[in-house]
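Analysis of the macromolecular model
Residues per chain are reported as follows:
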Amino acid sequence: MNVSIIGKALLEHLQIVFTGIAAGCLVGIPTGSLLRGHKKVAKIVFVIVDIIQTVPTLAMFTFVMLIFGLNNSTVIFSIFLYSLFPIVRNTYVGIMGVDQGAIRAGRGLGMTKMQIYFQVELPLAFPVILSGIRLALVSALGIATTGVLIGASGLGMPIWRGIQTRNMSMMLSGAIPVSLLAVLFDVLLSTLEKRLSR
């Protein structure tokens, strides 16, 4: 398959994935942070994101495309929904795991609640939050691939065309980049997570 076509599909794939994950971070991190100190509300939110996580991908596409139609927006919104589970949960766990001594030290220095959150809690919790983002990102790469079934672009297109025409090289031209991206992002974010934890 033409290299330029694969390159275009790769960029479209990354755009879909990163847009969905960015939306997940914008909603998931504040949500997970606000759940601190509200255990009853946290349980309800976790039940909701757990239910979302268990919905099969094609079923999720079916529900979402009733709103957005057959296009990339359906895949992006689905990735956003799926990303909430690891991001919200890991943010909550990370914030709850911050050493109370560090928080008390911040208060002793006269820091406001917002300053303590952004300068103490969030940085200390970030390695755990990053772990959730990594899980969401790797999962999103696969979800975006199946988006071709509802008219989305990306690396799923050459895979699907290859299956239809029984063209192995075309299938691999989409499957190999997706697999390499998943491994690459997993390794990079795992390495960054370990360094930040130190």
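Residues numbered from 1 in each chain as written. Predicted model: local features only at pLDDT ≥ 70, side-chain atom pairs only at ≥ 80, totals over all residues. Heavy atoms only, no water.

**As for the UniProt feature "domain: ABC transmembrane type-1" (unreviewed entry) in the protein chain**
The feature "domain: ABC transmembrane type-1" (unreviewed entry), as given by UniProt, occupies residues 10-189 in the numbering adopted here. Taken as a whole, residues 10-189 contains 85% helix and 0% strand, while its terminal C-alpha atoms sit 20 Å from one another. (UniProt positions renumbered as here; feature names shortened; annotations may be inferred. Helix = DSSP H or I, 4+ residues; strand = E, 2+ residues; numbered from the N terminus.)

**Considering the side chain of T91**
Structurally, the position occupied by T91 is in helix α4 (residues 72-96). Note on T91: relative accessible area 0%, which makes it buried. In terms of polar contacts, T91 uses its side chain to reach the backbone carbonyl oxygen of I87, at 2.6 Å. With residues near it in sequence (within four places) discarded, T91 still touches G28, I29, G32, S33 and I129. (Buried < 20%, exposed > 50% of the residue type's maximum accessible area, 1.4 Å probe, protein only. Polar contact = N/O pair within 3.5 Å; in protein donor to acceptor, adjacent residues only side chain to side chain. Contact = heavy atoms within 4.5 Å.)

**Structural notes on the side chain of T74**
By the secondary structure assignment, T74 is in helix α4. Relative accessible area serves as the criterion here: at 0%, T74 is assigned to the buried category. A polar contact is formed between the side chain of T74 and the backbone oxygen of G69, at a distance of 2.5 Å. Leaving out residues up to four positions away in the same chain, T74 has contacts with F61, V64, M65, F68, G69 and I150.

**Thoughts on a nonpolar patch on the surface**
On the surface, L58, L149, W160 and I163 cluster together to form a nonpolar patch covering roughly 370 Å² of accessible area. Along the chain, I163 falls in helix α7 (residues 156-165). (Patch = residues over 30% accessible without salt bridge, like charges linked within 9 Å, V, L, I, M, F, W, Y side chains within 5 Å. Areas by Shrake-Rupley, 256 points an atom, 1.4 Å probe, with all protein chains shown as cover. Salt bridge = Lys/Arg side-chain N within 4 Å of Asp/Glu carboxyl O.)

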